[in-house]
Amino acid sequence: MNNSSQDSSLACPAPDSRGSLRKDWSLSAITAGFLAVLISYSGPLVIFFQAAKVANMPNEMISSWVWAISMGAAVSGIVLSWRLKVPVVTAWSAPGTALLVTLFPGVTLNQAVGAYIIAAAVLLLIGVSGSFDRLMRHIPKGIAAGMMAGILFQFGASAFKSVGSMPVLAFGMVGAYLLFKRLLPRYCIVLVLVCGAVLAVLLGKTHLGDVHLSLATPMFIRPEWTLGTTLSLAIPLVMVSLTGQHLPGMAVLRVSGYDTPARPIITVTSLVSIVVAFFGGITIVIAAITAALCTGKDSHDDPARRYVAGLANGAFYLVGGLFGSTIVLLFTALPKEFVAVLAGLALIGAISANVLGAVEEAEHREASMITFLATASGMSFLGLGSAFWGVAIGCVAYLVLNKPHQKRAAAKSSC
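Residues numbered from 1 in each chain as written. Predicted model: local features only at pLDDT ≥ 70, side-chain atom pairs only at ≥ 80, totals over all residues. Heavy atoms only, no water.

Q: Would you mind going over the overall build of the protein in detail, with residue names and values included?
A: Regarding its fold elements, the protein presents 21 helices and two strands. Buried residues in the protein amount to 53% of all 415 residues. Once local pairs closer than 6 in sequence are excluded, the contacts in the protein between residues at least 24 apart make up 85%. Summed over all atoms, the accessible surface of the protein reaches about 18,000 Å², with 69% contributed by carbon and sulfur. (Helix = DSSP H or I, 4+ residues; strand = E, 2+ residues; numbered from the N terminus. Buried < 20%, exposed > 50% of the residue type's maximum accessible area, 1.4 Å probe, protein only. Contact = heavy atoms within 4.5 Å. Areas by Shrake-Rupley, 256 points an atom, 1.4 Å probe, with all protein chains shown as cover.)

Q: Now, about the packing of helix α5 (residues 59–84) against helix α13 (residues 262–277): what can you tell me, with residues and values included?
A: Running from N to C, α5 and α13 point in directions that differ by 150°, and their axes come no closer than 9 Å. Considering the angle they form, α5 stands roughly antiparallel to α13. The chirality of how α5 crosses α13 is right-handed. On α13, the residues touching Ala68, Gly72, Ser76, Leu80 and Leu84 of α5 are Pro264, Ile265, Val268, Thr269, Val272 and Val276. Each residue belonging to the contact of α5 with α13 can be placed in one class, and the counts come to eight nonpolar, three polar and no charged. (Axes fitted to C-alpha atoms, helices over the stretch in contact; angles between N-to-C directions. Parallel < 35°, antiparallel > 145°, perpendicular 65-115°, else oblique. Left-handed = near helix turned anticlockwise from the far one by under 90°. Nonpolar A, V, L, I, M, F, W, Y, C, P; charged D, E, K, R; others polar.)

Q: Any chance you could break down helix α19 (residues 362–376) for me, citing the residues and the numbers?
A: Residues that lie three or four places apart on an α-helix share one face, since the helix turns once every 3.6 residues. Relative to the 21 Å expected for 15 residues at 1.5 Å per residue, α19 spans 21 Å between its end C-alpha atoms, a close match to the ideal helical length. All of the buried residues along α19 are His364, Ala367, Ser368, Thr371, Phe372, Ala374 and Thr375. Among the residues trailing α19, Gly378 stands out with phi positive, at a value near 75°. (Expected span 1.5 Å × (residues − 1).)

Q: I'd love a proper account of a nonpolar patch on the surface, names of residues and values included.
A: A cluster of nonpolar side chains, Ile370, Ile393, Val396, Val400 and Leu401, forms an exposed patch at the surface whose accessible area comes to about 400 Å². For the nonpolar patch, the element with the highest residue contribution is helix α20 (residues 386–402), accounting for four residues. The topology assignment puts Ile370 in helix α19. (Patch = residues over 30% accessible without salt bridge, like charges linked within 9 Å, V, L, I, M, F, W, Y side chains within 5 Å. Salt bridge = Lys/Arg side-chain N within 4 Å of Asp/Glu carboxyl O.)

Q: Could you give an account of helix α18 (residues 348–359), with specific residues and numbers?
A: Across its 12 residues, α18 extends 17 Å between first and last C-alpha, which sits within 8% of the 16 Å expected from 1.5 Å per residue. Burial in α18 covers these residues: Ala350, Ile351, Asn354 and Ala358. Viewed end-on, α18 has its buried residues packed into an arc of 100°, placing them on one side of the element. (Arc of directions from axis to C-beta.)

Q: So what's going on with the pattern of salt bridges? Which residues, and what values?
A: All told, the structure shown has one salt bridge when counted by the stated rule. Put simply, Asp24 and Arg305 hold a salt bridge, and the shortest N to O gap is 3.7 Å. Highlighted residues: Asp24 in helix α2 (residues 21–24) and Arg305 in the loop between α14 (291–295) and α15 (307–322), separated in sequence by 281 residues. Here Asp24 falls in the buried class, since its relative accessible area comes to 3%. Given the relative accessible area of 22%, Arg305 is considered partly exposed.

Q: Talk me through the nonpolar core; I want residue IDs and the actual numbers.
A: Grouped together as the largest cluster of nonpolar side chains are 119 residues, with contacts concentrated most on Trp65, Trp92, Phe104, Tyr116, Val192 and Leu342. Sort the elements by how many residues they give to this core and helix α12 (residues 227–255) lands first, with 12 residues. (Core = buried A, V, L, I, M, F, W, Y, C linked by side-chain atoms within 4.5 Å.)

Q: Tell me what's going on with the side chain of Thr283, and back it up with residues and numbers.
A: For Thr283, the location among the structural elements is in the loop between α13 and β2 (284–286). Exposure remark for Thr283: the relative accessible area of 2% places this residue in the buried category. Contacts of Thr283, omitting those with residues within four sequence positions, involve Ala91, Trp92, Ser93, Ala119, Leu123, Leu237, Ser241 and Ser273.

Q: Before we move on, can you summarise the confidence of the model for the protein with the specific residues and values?
A: For the protein, per-residue confidence averages 80 on the pLDDT scale, and 85% of positions sit at 70 or higher. For the stretch residues 1–19, pLDDT sits under 50, and the model shows 23 contacts to residues farther than four places along the chain or on other chains. (pLDDT = per-residue confidence, 0-100.)

Take a look at the structure:
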């Protein structure tokens, strides 16, 4: 089913159909933007610290890294959300950061920065050419929904796995979710966040005494280009950014009804990536998992007003960049179970929407479920993650099971 006409009305509404930012503002959208930042800092940022530890980087350099990726996500997210009036949530490449763990300390930081710049330049060419948009048009909507359901499923399951280690906190947050979802559905997640934080403090599971205000200081890093880092870091970084971030990230927008082209998003994030690379920031990309928090109904009932969540997300990243080390200390002071339960509960709406999207059409249903299972498996092959393989296997299944080329031939012969 092609809903491009409906989607276009969501992504690019007429100017007079919008209210001012003051009118479009909502607490639920602001909360969605904050939660997306919270999850990014408490999850993918840990990989950054792993890479820094392997490379034996001083705290000042780590602070510069956090400043760079936060500012990159902030600027690109705010610019794109405001210009497109769509909740565009950007972040740094978590799969790309994982590559650093395997390459440090064999690769110097200067060489890594050179590879970041090459990767950003290649992504910029892909974005400007519009080739990524052509790829997205050939992926059935059910396949995209199955992929997203597979990615998000693991986060939903992790919320309940936390019961084993912290049952009082987990059950307390689930109970709060059910209560507030019934009484105050729009503000449910922010109230669950407050309840969970209070519970964590009462249970003595926080380390707030370690938190103190500290401004981040950006440090310029001179890039160094080598053939080895181009092949071992730059090219793989392009691949994982496209398949692990841009592909599922654009699928989130598409499944949510936003027919936004990838060209401006990849172009802006690539340009920002080149700038932040000089301060240690890895490639900036469109977010996938955290984006689902800002594009669904929990952000706002009106899709045309959800862009505020993208703006809020960028604003919180600005704060995170300025107080990088403080933000990290604050989030690490809370137990990991708190973040896991909060993320899982916040994504229930997105999981439901994507599961429904995967099974909605009988023509795509079996291929979409294959996509869901392959993605949820967490498989990795040839250096490519489960998001890529889920889509690849699902598209092959769709072609084999539905034979769309034969249907087109039959349609032509009947005319």
